[in-house]
Amino acid sequence: WIFYCINILLKMICGGITANVGLDVIQEILAYIRTVDPAVATAQLVKVDSQVVAGTLYRYHFHVNGADVEVKAWSKPWENFLQITTSAGVEVIRPA
């Protein structure tokens, strides 16, 4: 039991950025991002990472016309809250 707990603690990154987050959440938010940010509507998604910050901050990295573009999504599912910061820096809050 002690070795199990130590293993779990070693894998945790408190406040750090994590790659490979839950696929279902990523896809749901990605679909919404593509509707509110025309610059990434058909762009290639390169990676997604996340950070726990009073909810979860997802960073979507796209490749657009030879440039790397980041779109942020701040999610607080218990409040039905989702805020997108588009590639142009515009904040969009999804209606509840």
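In this text the structure is predicted, and so the values were computed from the model without any measurement.

A. Up close: helix H2 (residues 23-36). For H2, built from 14 residues, the straight-helix expectation of 20 Å at 1.5 Å per residue is met to within 8% by its first-to-last C-alpha distance of 20 Å. For H2, the full list of buried residues reads Ile-26, Ile-29, Leu-30, Tyr-32 and Ile-33. One side of H2 holds all its buried residues, which, seen down the axis, span an arc of 165°. Exposed and oriented more than 90 degrees from the buried face of H2 are Asp-24 and Thr-35. Residues of H2 that are buried make contact with strand E2 (44-52), strand E3 (56-64), strand E4 (67-76), strand E5 (81-85) and strand E6 (91-93).

B. View of the pattern of salt bridges. As enumerated under the stated definition, the model contains 3 salt bridges in all. Notably, a salt bridge pairs Lys-72 with Glu-70, separated by 4.0 Å at the nearest N-O pair. A salt bridge links Glu-79 to Lys-76; its shortest N-O distance comes to 3.3 Å. Relative accessible area serves as the criterion here: at 46%, Glu-79 is assigned to the partly exposed category.

C. Looking closely at the packing of aromatic side chains. Tallying each qualifying case throughout the model produces 1 aromatic pair. Pairing Trp-74 with Phe-81 gives two aromatic rings, centres 5.1 Å apart and planes at 75°, and the pair type is edge-to-face. Residue classification places Trp-74 among the partly exposed positions, given a relative accessible area of 26%. Residue classification places Phe-81 among the buried positions, given a relative accessible area of 17%. Sitting above the plane of the Phe-81 ring, Lys-76 keeps its charged end 4.7 Å from the centroid. In this structure, Arg-94 packs its charged tip against the face of Tyr-32, placed 5.9 Å from the ring centre.

Calculation notes
Residues numbered from 1 in each chain as written. Predicted model: local features only at pLDDT ≥ 70, side-chain atom pairs only at ≥ 80, totals over all residues. Heavy atoms only, no water. Helix = DSSP H or I, 4+ residues; strand = E, 2+ residues; numbered from the N terminus. Expected span 1.5 Å × (residues − 1). Buried < 20%, exposed > 50% of the residue type's maximum accessible area, 1.4 Å probe, protein only. Arc of directions from axis to C-beta. Contact = heavy atoms within 4.5 Å. Salt bridge = Lys/Arg side-chain N within 4 Å of Asp/Glu carboxyl O. Phe/Tyr/Trp six-rings, centres within 6.5 Å; stacked < 30°, edge-to-face > 60°. Lys NZ or Arg CZ within 6 Å of the ring centre and 35° of its normal.

That's the geometry; what it means functionally is another story.
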